[in-house]
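Overview (structure and organization)
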Amino acid sequence: MFDESQRLLHHGNGNNLVENSEKNIGNMTSGYGAAATLTSKSQPTGMVDMATWGTNLMKSYSVHADGSPSYLLPLQLGRHELYEMVPFTAIFGMQQKERNISRAFASFAAELDSMEADQLSFSQNNKRMSEAELNSRRSHTSLLLLDELEMDAVLVTTPLIIAIFVAGISQFLVGYNTSVMNSPSSVVFQGHSTFQWSVAVAAFAVGGPFGAITAGSVVDTRGRRGSLIINTYTFLVGGILQTFAKNMLFITIARFIIGFASGFSSVLVPIFLGELAPPTLRGTLGTLTQFCLVTGIFVSDLLAFPFATESSWRVLFSVTIMLSVAQITCFPFLIESPRWLLHRDKNSRRARFIIKKLRGLRHDHEIETEVNHFVSASHAQACDDSEERTTSGGAFVAMTKDNRIRKLLVCSLILQMAQQLCGINAVFYYSTMFFDGLIENPLIGTAIVGGVNVAATYVALLLMERSNRRTLILWSAGGMLVSCMGLVVCLLGYFDKMASLFFVVTFVCFFEIGLGPIPWLIVAEMFEAKYVSTAMSASCQVNWACNFIVGIVFPYLQTSLGAYSFVPFAIVLLMTIIFVMTWLPETKGTTPEDLRDDIVRSLSTMLQLSDDSTNGAETSSSVGNPIDVEWRKAMDSLRRQEEEDMKRGIFNYGFQPIEQDSMSASESDWRSRITGGA
């Protein structure tokens, strides 16, 4: 199934840091020792054999954490960097960051390859490669690595598809139950008071923070799969109780339970999918789950047309039951997060079996390489001593003690408050009540708002790849502010009441291009990968708390303020604009050059394996630690021995050892056997 073609990069454990990428590239290049070539690389069947690129990529060395020698292909080294730099969380709109990291590494590795090829040409022929030859080699190598790094984003296995399906339903139910109480307000247990209904609606947001808080500990103790099973049965219990409710009290209790499950899901699903998906797919899955959520809102609005009646409103609530049962049927095929298993036991055979199925691997050495990616990335993304915890209290305390991180945390929490207190859920919770008397059929207005919400989410995805975060939030908050003012003017009777529908639609559209997705995306961009999970958990809890405030207060705002009910939201939006303009940092400005420098720094622990006569005193001074010196000597000896074996034609490239009596063939035949006839 696979056919391999790439070079091996050197990766070790020195301690010299670098000031810039140019200096570090030169240092690392001098550490490449092997003159042999290897062109046998993993690649899906049916694609062009990469050996036909005509590029023989160099081989070099790496060291495991326990000090044993091993080899990392440039693709593996690139995936290693992606694992460490991309958080284990599926976040809406993170695709651009993933692509930038891939491009930065491909460019970095291509530069190393061309510089070493130039040095090798000079040492063998006393002649440098021309600029055209170097550029051609850089281009070929960069494209080769970039294509292979992006391959993870399109190769999706069956276990991952099942996990996406189950997790996607959970997010769909979050959206569905956010809006399902909107339409049948006048037909469910007629005669209820405004207080009873607002409490029932707001109970959803009361349960949310409790679910978000509980999820942090449960996902670490019961595992991601076990937590998803618990979450599904919680949805099921809430759905049954809501569908067969006898009065408004039962509805309120059911809404609390479903809200608990929804808050739980909002923490669990991004972690679960982020730990199963390869780094280049996490942003896509985050986007997918966001579409599941807004689609759930829209579907609940559409189902209201046939079922928001006195005799059929229970059918609306039964959708939660049916989808929960569908999830339960998939549980036998649902896999556990290998990251969680490896945290509990780094030698876990179950984790290795899951990784084999999840990534479609066949060979033990491929599985162990993937295991090393998980383990090293988990260690790199741990921000306290409790590396195994997803959202530990110690991690949050550590964030608050660092002055720079604390300011970023405050920014992210303020954005979450602004996202909810701007009044968006007043629309999704009460739009039918709001449109009653303004348009002939309030359900049509609610459905239009839900459909626009889905379309605007797609537009937001396109804009986020092209625009700065601060700019989007300013446009979003500004547009919502104007919409609020227009809505107030309409309600005062200065415009036709139908114009109010237009302003509600623009209100939702502007929300979705900025204040909707950016507060979540900015967490992944503003914090280092090790802080993302903790920051996301704190943000989620604040978000749900503010959600509750809006849910419980808006009916009273509408009763007390009448046409001015959206004025408090306008004040929040004005304060948000001031905050963004004066305080919020821009996070989109991480250029490919910045990412390349980050990659260089992370790889600056490479051992300098070049010959002493080449580096002289400079190399000695760069590796001053006695342990590093001993490692350098040991790896030097290994390199010389392997070079000697290569010259004699008996070096083992991972296949069966080459017998001495088979070496009568010419060098071209020898190379042909190594490359598989390429």
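Residues numbered from 1 in each chain as written. Predicted model: local features only at pLDDT ≥ 70, side-chain atom pairs only at ≥ 80, totals over all residues. Heavy atoms only, no water.

1. Observations concerning the overall build of the chain
In terms of regular secondary structure, the chain is built from 27 helices and two strands. Within the chain, counting contacts between residues at least 6 apart in sequence, those at least 24 apart form 81% of the total. Surface accessibility of the chain: about 27,400 Å² in total, with carbon and sulfur atoms responsible for 60%. (Helix = DSSP H or I, 4+ residues; strand = E, 2+ residues; numbered from the N terminus. Contact = heavy atoms within 4.5 Å. Areas by Shrake-Rupley, 256 points an atom, 1.4 Å probe, with all protein chains shown as cover.)

2. Structural notes on a nonpolar patch on the surface
On the surface, a nonpolar cluster with roughly 810 Å² of combined accessible area is contributed by L492, Y494, F495, L561, Y564, V567, I571 and M575. Secondary-structure assignment places Y564 in the loop between α21 (529-561) and α22 (567-582). (Patch = residues over 30% accessible without salt bridge, like charges linked within 9 Å, V, L, I, M, F, W, Y side chains within 5 Å. Salt bridge = Lys/Arg side-chain N within 4 Å of Asp/Glu carboxyl O.)

3. Side note on the pattern of salt bridges
Overall, the coordinates contain ten salt bridges when judged by the stated rule. Of the charged contacts in the structure, one is a salt bridge between E275 and R224, with a shortest N-O distance of 2.8 Å. Linking E275 in helix α8 (residues 248-276) with R224 in helix α7 (residues 223-243), this pair joins segments that are 51 residues apart in sequence. Like R224, E275 is buried. Close ionic contact of R352 with E368 constitutes a salt bridge, the shortest N to O distance being 2.7 Å. Highlighted residues: R352 in helix α12 (residues 349-359) and E368 in helix α13 (residues 364-380), separated in sequence by 16 residues. Overall, the relative accessible area of 33% leaves E368 in the partly exposed class. (Buried < 20%, exposed > 50% of the residue type's maximum accessible area, 1.4 Å probe, protein only.)

4. Considerations on unusual backbone geometry
Among all residues except glycine, the phi angle is most often negative; among peptide bonds, the trans geometry is most common. Not every positive phi belongs to a glycine, and N126 is a case in point at roughly 55°. As for its placement among the helices and strands, N126 is situated in the loop between α3 (95-125) and α4 (131-150). Of note in this structure, F189 is not a glycine but carries a positive phi near 45°. Mapped onto the elements of the fold, F189 is located in the loop between α5 (158-179) and α6 (194-221). According to the relative accessible area criterion, F189 is partly exposed, its value standing at 22%.

5. A short note on the confidence of the model for the chain
Across the chain, the average pLDDT comes to 76, with 76% of residues at 70 or higher. Confidence drops under a pLDDT of 50 for residues 385-391, and excluding neighbours within four residues, the segment shows 21 contacts in the predicted structure. The low-confidence segment residues 670-678, where pLDDT is below 50, has 16 contacts with residues more than four positions distant or belonging to other chains. (pLDDT = per-residue confidence, 0-100.)

6. Overview of the packing of aromatic side chains
For any two aromatic rings, the description comes down to two numbers: the centre-to-centre distance and the angle of the planes. Evaluated as defined, the whole model comprises 16 aromatic pairs. An aromatic cluster of three or more residues is present, and its members are F507, F554, F566 and F569. Just above the ring of F122 sits the side chain of R128; from NZ or CZ to the centre is 4.2 Å. (Phe/Tyr/Trp six-rings, centres within 6.5 Å; stacked < 30°, edge-to-face > 60°. Lys NZ or Arg CZ within 6 Å of the ring centre and 35° of its normal.)

7. Details of the packing of helix α2 (residues 74-85) against α13
As a packed pair, α2 and α13 sit with axes 8 Å apart at the nearest point and diverge in direction by 35°. Of the two elements, α2 crosses α13, and the hand of that crossing is right-handed. Note on element contacts: α13 touches α2 through T369, E370, H373, F374, S376, A377 and A380, opposite Q76, R79, H80, Y83 and E84. Class assignment of the residues belonging to the contact of α2 with α13 gives a composition of four nonpolar, five polar and three charged. (Axes fitted to C-alpha atoms, helices over the stretch in contact; angles between N-to-C directions. Left-handed = near helix turned anticlockwise from the far one by under 90°. Nonpolar A, V, L, I, M, F, W, Y, C, P; charged D, E, K, R; others polar.)

8. What to know about the environment of N247
Relative to the assigned elements, N247 resides in the loop between α7 and α8. Along the sequence, N247 and F189 sit 58 residues apart, while their C-alpha atoms lie 6.8 Å from each other. Within polar-contact distance, the side chain of N247 engages the backbone nitrogen of L249 at 3.0 Å. (Polar contact = N/O pair within 3.5 Å; in protein donor to acceptor, adjacent residues only side chain to side chain.)

9. Thoughts on the side chain of D301
Relative to the elements of secondary structure, D301 occurs in helix α9 (residues 282-307). Buried within the structure, D301 lacks any salt-bridge partner; its nearest side chain of opposite charge belongs to R255, at an N-O separation of 11 Å. Here the side chain of D301 touches S179 through a polar contact of 2.9 Å, side chain to side chain. For D301, the residues in contact, after removing those within four places along its chain, are S179, T446, A447 and G450. (Lys, Arg positive; Asp, Glu negative; His and termini not counted.)

10. Things to note about the nonpolar core
Counting 156 residues, the largest nonpolar core has F272, L515, F527, F566 and L573 as its most contacted members. Broken down by element, the residue count for this core peaks at twelve residues, all from α8. Sequence-distant contacts of L573, that is, excluding residues within four places in its chain, are made with C422, A477, M480, L481, C484, F507 and L515. (Core = buried A, V, L, I, M, F, W, Y, C linked by side-chain atoms within 4.5 Å.)

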